[in-house]
Amino acid sequence: MIGGGSWATALAKILSENGARVSWWMRNKADVEHLRSTRHNARYLSSVQFDLTRVTPSTDIGEVVKDADWVVLAVPAAFVKEALDKLDRDAFKNKRIISAIKGMIPGRNELVTDYAMERFKVTRDRVGVVAGPCHAEEVALEKQSYLTIGSPDLALAEDFCQRLRNRYVKAHPAADLDGIEYCAVMKNIIALTAGVAHGLGYGDNFQAVLVANAVQEIRRFLYALSPQPRDLSASAYLGDLLVTAYSQFSRNRTFGNMVGRGYSVKSAQMEMNMIAEGYYAVKSIYELNKDLRVNMPITTAAYHVLYEKISPAVELEILKEKFR
Ligand SMILES: NC(=O)C1=CN([C@@H]2O[C@H](COP(=O)(O)OP(=O)(O)OC[C@H]3O[C@@H](n4cnc5c(N)ncnc54)[C@H](OP(=O)(O)O)[C@@H]3O)[C@@H](O)[C@H]2O)C=CC1
Ligand SMILES: O=C(CO)COP(=O)(O)O
């Protein structure tokens, strides 16, 4: 498990409680020591107690990865390069790589699985993603949740599903790696914009129209990038969009809400203490779309607000006229 935040903690709980031995990389020594001495992650889902006969935390990423059959990437996308920097190019040889990250590598505007495949010479049949509407906080509370494992290799996806299924987690395999991964990135932009609208005083009626228009925006973008039949009403796509746009736990919605209420981007980020992937995703998707030229009014509005300092109220007025 690579990453010490909420999602890494939730996945480490599910996997270890199912009997997996989890070597767990965190960047801070103090967090490793805290987990070793108290059996809890200090700052994320700190109510979850770990069985230390199955969970071994470390700050040494090479050691963590060395004997693993599966590598689960769960750091925010912006820190993936830095986190994996110390690993040799063949560190993932003969391993299967699962990205639980719903973001893109900033600057490269690349999906995390694409980055991992290129950097570590991993073939496409050895990668997958964890997707679906699932907040880490609800995993900690053992609330009924659904995950989708996307991979071109359905046997790999099913294998990982089996490691996740338990009393409160259902998991399903799916073949559409790119569509699922891009949608997981884009729903963060929508949730962030929903938060901005809420912060400005827009209500549920507007949010419903925003989300409906977002489905069309996501469909157009996915069709331009990866045209293949896919059912966007499935929970890995629409379900994830809904939970992020509506949930009290959503980092992206919370961040957007602060921006809508007048916080600067910097102060919203500082106040949050967690990472809203949508902030980075907006830039990557906006830049990718310079070539694709898909009609993406929501992404464009979010980009203008976050990166061009255009007033959220002005951008929402423009967006309002574009929605049907
Ligand atoms: N949380 C959730 O419910 C879900 C999250 N995801 C995805 O999981 C991924 C991880 O997010 P999540 O676990 O929520 O993150 P959190 O916001 O819970 O935690 C942030 C993590 O990022 C680390 N971090 C912060 N700044 C830096 C930095 N400069 N360099 C390196 N690491 C840094 C933090 O480390 P430190 O504490 O040491 O600062 C911490 O481990 C994201 O892609 C997210 O979209 C997917 C599904 C559900
Ligand atoms: O992807 C998520 C739930 O499925 C988490 O979304 P947030 O980052 O908005 O909290």
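Residues numbered from 1 in each chain as written. Chains lettered and ligands numbered in written order. Predicted model: local features only at pLDDT ≥ 70, side-chain atom pairs only at ≥ 80, totals over all residues. Heavy atoms only, no water.

The protein chain appears in an unreviewed UniProt entry as Glycerol-3-phosphate dehydrogenase from Hymenobacter busanensis. Turning to the protein chain, the UniProt record has this under Sequence similarities (unreviewed entry): "Belongs to the NAD-dependent glycerol-3-phosphate dehydrogenase family." Quoted verbatim from the Catalytic activity (unreviewed entry) heading of the UniProt record, the comment on the protein chain is "sn-glycerol 3-phosphate + NADP(+) = dihydroxyacetone phosphate + NADPH + H(+)". (UniProt positions renumbered as here; feature names shortened; annotations may be inferred.)

A. The arrangement of the overall build of the protein chain in detail. Scanning the protein chain for helices and strands turns up 15 helices and nine strands. A globule of 324 residues ought to have a C-alpha radius of gyration of about 20 Å, and the protein chain, at 19 Å, matches this closely. Structurally, the protein chain occupies a C-alpha span of about 55 × 40 × 35 Å along its principal axes. Looking at the protein chain as a whole, 55% of its 324 residues qualify as buried. Long-range pairs, those at least 24 residues apart, make up 70% of the contacts in the protein chain with a sequence separation of at least 6. As displayed, the protein chain offers around 14400 Å² of accessible surface, 48% of which is attributable to carbon and sulfur atoms. For the protein chain, the separation between the mean place of its 41 positive charges and that of its 37 negative charges on side chains is 1 Å. (Helix = DSSP H or I, 4+ residues; strand = E, 2+ residues; numbered from the N terminus. Rg over C-alpha atoms; globule rule 2.2 N^0.38 Å. Buried < 20%, exposed > 50% of the residue type's maximum accessible area, 1.4 Å probe, protein only. Contact = heavy atoms within 4.5 Å. Areas by Shrake-Rupley, 256 points an atom, 1.4 Å probe, with all protein chains shown as cover. Lys, Arg positive; Asp, Glu negative; His and termini not counted. Charge placed at Lys NZ, Arg CZ, Asp CG, Glu CD.)

B. Expanded view of helix 12 (residues 265–272). Those residues of helix 12 that sit buried are Val265, Ala268 and Met272. Viewed along the axis of helix 12, the buried residues span an arc of 65 degrees, placing them on a single side of the element. Residues of helix 12 that are exposed and point more than 90 degrees away from the buried face comprise Lys266, Met270 and Glu271. Taken together, the buried residues of helix 12 touch helix 11 (251–260), helix 13 (277–292) and helix 14 (297–307). Asn273 occupies a position one or two residues after helix 12 and carries a positive phi of about 70 degrees. (Arc of directions from axis to C-beta.)

C. How the structure looks around the nonpolar core. One finds Ile2, Leu73, Leu84, Phe92, Phe255, Ile285 and Leu306 to be the most contacted residues of the largest nonpolar core, which totals 78 residues. Ranked by the residues each element gives to this core, the list is headed by helix 8 (residues 177–200), at twelve residues. Among residues more than four places away in sequence, those in contact with Ile2 are Trp25, Ile61, Val64, Val65, Val71, Val72, Leu73, Ala74, Val75 and Leu84. Judged by nonpolar contacts, the second largest core, of 37 residues, contains Trp24, Val32, Val72 and Leu164. (Core = buried A, V, L, I, M, F, W, Y, C linked by side-chain atoms within 4.5 Å.)

D. Summary view of the packing of aromatic side chains. Going through the model one piece at a time under the given rule, you end up with eleven aromatic pairs. Through a chain of ring-to-ring contacts, three or more aromatic side chains come together here, namely Phe255, Tyr279, Tyr280, Tyr286, Tyr303 and Tyr307. (Phe/Tyr/Trp six-rings, centres within 6.5 Å; stacked < 30°, edge-to-face > 60°.)

E. Up close: the environment of Ser23. Along the polypeptide, Ser23 turns up in strand 1 (residues 22–25). Taking relative accessible area as the criterion, Ser23 reaches 31% and is therefore assigned partly exposed. As a C-alpha pair, Ser23 and Ile275 span 252 residues in sequence and 23 Å in three-dimensional space. Residues in contact with Ser23, not counting those within four places in the same chain, are Met1, Thr56 and Val64.

F. Seen up close, the sheet that holds strand 9 (residues 169–174). Spatial strand order, 3-4-7-8-9: five strands in an open sheet with mixed pairing. In the strand order of this sheet, the two ends are held by strand 3 (70–73) and strand 9, each with one partner. For this sheet, the mean inter-axis angle between neighbouring strands, taken without regard to orientation, is 25 degrees. Relative to strand 8 (residues 145–150), strand 7 (residues 127–131) is paired through three bridges, and the arrangement is antiparallel. When the sheet's bridge partners are listed, Ala131 is paired in strand 8 with Thr148. (Pairing = 2+ DSSP bridges. Axes fitted to C-alpha atoms, helices over the stretch in contact; angles between N-to-C directions.)

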